[in-house]
Amino acid sequence: MRVVFLGSGAFAVPPLEALLDGGYDVVALVTQPDREKGRGRALAETPTKTVAVRRGVPVLQPRRIKEPAALEELRGLRPDVQVVVAYGQILPRAVIDNAPLGTVNVHSSLLPRYRGAAPIHWAVVRGEAETGVTTMLIDEGLDTGPTLLARSTPIGAEETAPELEARLAPLGAAVLLETLAGLAAGTLVARPQDHAHATLAPILRKEDGRIEWSQSAEEIARRVRGLQPWPGTVTTWDGGDLKVLRARVEVGVPTAAPAGTVTEIDRDGLVVAAGAGTLLHLLEVQPESRRPMPAAAFAAGARLVPGARLG
């Protein structure tokens, strides 16, 4: 089976390697152009390109997939199926229809829930007990195409978005192999999604990470876990940003202190009042223009005392 693989991010690496290890004829990788990165602005290639170059797969990096030259090159590859995983561009109909078996997407949610750019992050932020991966046939909507296969997995109580992504990527690879085998055998039937049960996972914005201390400690803790590595969760102290890297809900007697007030400082960090009388224990923080540090070390250096206000 001739496969064109369209993918860029780290989530796409296990599916790409699974196809290569499984003997599929991956005739090309289509990925995003190299980007400038870091202070030196050196060009950095996508994680999938690194794999493709190492394993001898031809690489295409069109600036826009809808450009006529890119479309012509794709048509010339004559794939049986196209696979899209974390590619980063919207596909026009001319690309979607380029393979007789269809264009299959591996999406990191249980569709129709969490359609959009950041399904893993929002599943953690919104406190879902489980998520998973779904394969679907792409159409021109936002993750609205008919689904093929899905597999679920629980979300750990303290699991972060990067940790969950690392578990979902190999699960997606396994489901992809099962999906392609079913398509080749003609045993897999695509099923329309129930759009009435759809939810969205919009692209993350910097302002999504701003801590609102009026929210409960549980809600804030989920944001700390779910909005890693970007945009992160941020409050303010002494006129500057303070990023919260790790935190836990403090179980105990409810507090009457105003939200955002430091109620206790101990060797683990800072206990801060949140909404509805709940308490959040900050364990690791990063002051503006400084390295990450234990919250206790920050409190000592900043000479924080109970009664100080964050945010």
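Each chain carries its own residue numbering, running from 1 in the written order of its sequence. Restriction of local features to residues with pLDDT of at least 70 applies here, the model being predicted, together with a cutoff of 80 or more for giving and counting side-chain atom pairs; totals for whole chains, interfaces and linings are based on all residues. Only hydrogens and water are set aside when side-chain values are computed; all heavy atoms of the structure are taken into account.

## Description of the pattern of salt bridges
Next up, step 1: Salt-bridge detection follows one rule: a side-chain nitrogen of Lys or Arg within 4 Å of a carboxyl oxygen of Asp or Glu. Summed over the entire model, instances satisfying the criterion amount to 19 salt bridges.
Next up, step 2: Arginine 167 is paired through a salt bridge with glutamate 159; the nearest N and O atoms lie 2.7 Å apart.
Next up, step 3: In this structure arginine 167 comes out as partly exposed when scored by relative accessible area, which is 35%.
Next up, step 4: Linking arginine 222 and glutamate 218 is a salt bridge whose minimum nitrogen-to-oxygen distance equals 3.8 Å. Each residue's exposure class comes from its accessible area (1.4 Å probe, protein chains only) as a fraction of the maximum for that residue type: buried when under 20%, exposed when over 50%, partly exposed otherwise.

## Topic: helix 2 (residues 47–54)
Next up, step 1: Counting from the N terminus, the helices are the DSSP runs of H or I reaching at least four residues and the strands are the DSSP runs of E reaching at least two. Listed in full, the buried residues belonging to helix 2 are Thr48, Lys49, Val51 and Ala52. All buried residues of helix 2 fall inside an arc of 160 degrees around its axis, so they share one side. In helix 2, the exposed positions that point more than 90 degrees away from the buried face belong to Val53 and Arg54.
Next up, step 2: If you follow the buried residues of helix 2, they end up packed against strand 1 (2–7), helix 1 (13–21), strand 2 (25–30) and strand 5 (59–60).
Next up, step 3: Glycine 56 sits one or two positions beyond helix 2 and adopts a positive phi of about 75 degrees. Along the arc lie the directions from the helix axis toward the C-beta atoms. Two residues form a contact once any of their heavy atoms are found within 4.5 Å.

## Here's the deal with helix 6 (residues 161–185)
Next up, step 1: Expected helix span is taken as 1.5 Å per residue step, with the number of steps being one fewer than the number of residues. Between its first and last C-alpha atoms helix 6 spans 35 Å; for 25 residues at 1.5 Å apiece the expected length is 36 Å, and the two agree.
Next up, step 2: Within helix 6, the full set of buried residues consists of Ala161, Leu164, Leu168, Ala169, Gly172, Ala173, Val175, Leu176, Thr179, Leu180, Gly182 and Leu183.
Next up, step 3: Following helix 6 by one or two positions, glycine 186 has its phi on the positive side, about 75 degrees.

## What about the packing of helix 1 against helix 6?
Next up, step 1: An axis is simply a line fitted to the C-alpha atoms; with a helix, the fit covers only the stretch in contact. Between two such axes, the angle follows the N-to-C directions and lies from 0 to 180 degrees. One can describe the packing of helix 1 onto helix 6 by two numbers: an axis separation of 7 Å at closest approach and a directional angle of 40 degrees. The angle between helix 1 and helix 6 falls in the class oblique. Between helix 1 and helix 6 lies a crossing of right-handed hand. Listed contacts from helix 6 to Pro14, Pro15, Ala18 and Leu19 of helix 1 are Ala169, Pro170, Ala173, Leu176, Leu177 and Leu180.
Next up, step 2: In the scheme used here, Gly and all other residues not listed as nonpolar or charged are polar, with Ala, Val, Leu, Ile, Met, Phe, Trp, Tyr, Cys and Pro taken as nonpolar and Asp, Glu, Lys and Arg as charged. Of the residues in the contact of helix 1 with helix 6, the class split is 10 nonpolar, no polar and no charged. Should an angle lie under 35 degrees it is considered roughly parallel, over 145 roughly antiparallel, and from 65 to 115 roughly perpendicular; all remaining angles are considered oblique. By convention, the crossing between two helices is left-handed when the near helix turns anticlockwise from the far helix through less than a right angle, and right-handed when the turn is clockwise.

## Regarding the nonpolar core
Next up, step 1: In this text, buried Ala, Val, Leu, Ile, Met, Phe, Trp, Tyr and Cys residues form a nonpolar core when linked through side-chain atoms within 4.5 Å. The biggest cluster of nonpolar side chains holds 41 residues, and the ones touching the most others in it are Phe5, Phe11, Leu19, Val83 and Leu180.
Next up, step 2: Per-element accounting of this core gives the leading share, eight residues, to helix 6.
Next up, step 3: With sequence-adjacent residues up to four places away left out, phenylalanine 5 is seen in contact with Ala12, Pro15, Leu16, Leu19, Val26, Ala28, Leu29, Val30, Val83 and Val85.
Next up, step 4: Membership of the second largest hydrophobic core comes to 23 residues, among which are Leu270, Leu282, Val285 and Ala308.

## Things to note about unusual backbone geometry
Next up, step 1: The amide bond that connects leucine 111 to the next residue, proline 112, takes the cis arrangement and shows omega of 15 degrees.
Next up, step 2: Looking at where proline 112 falls in the secondary structure, it is placed in the loop between strand 7 (103–107) and helix 5 (119–125).
Next up, step 3: For the bond running from tryptophan 230 to proline 231, omega is 10 degrees, close enough to zero to count as cis.
Next up, step 4: Here proline 231 shows up in the loop between helix 7 (217–226) and strand 10 (233–237).
Next up, step 5: Even without being glycine, alanine 86 reaches a positive phi, approximately 50 degrees.
Next up, step 6: When you line up the elements, alanine 86 lands in the loop between strand 6 (81–85) and helix 4 (93–96).

No statement about biological role is implied by the geometric values presented.
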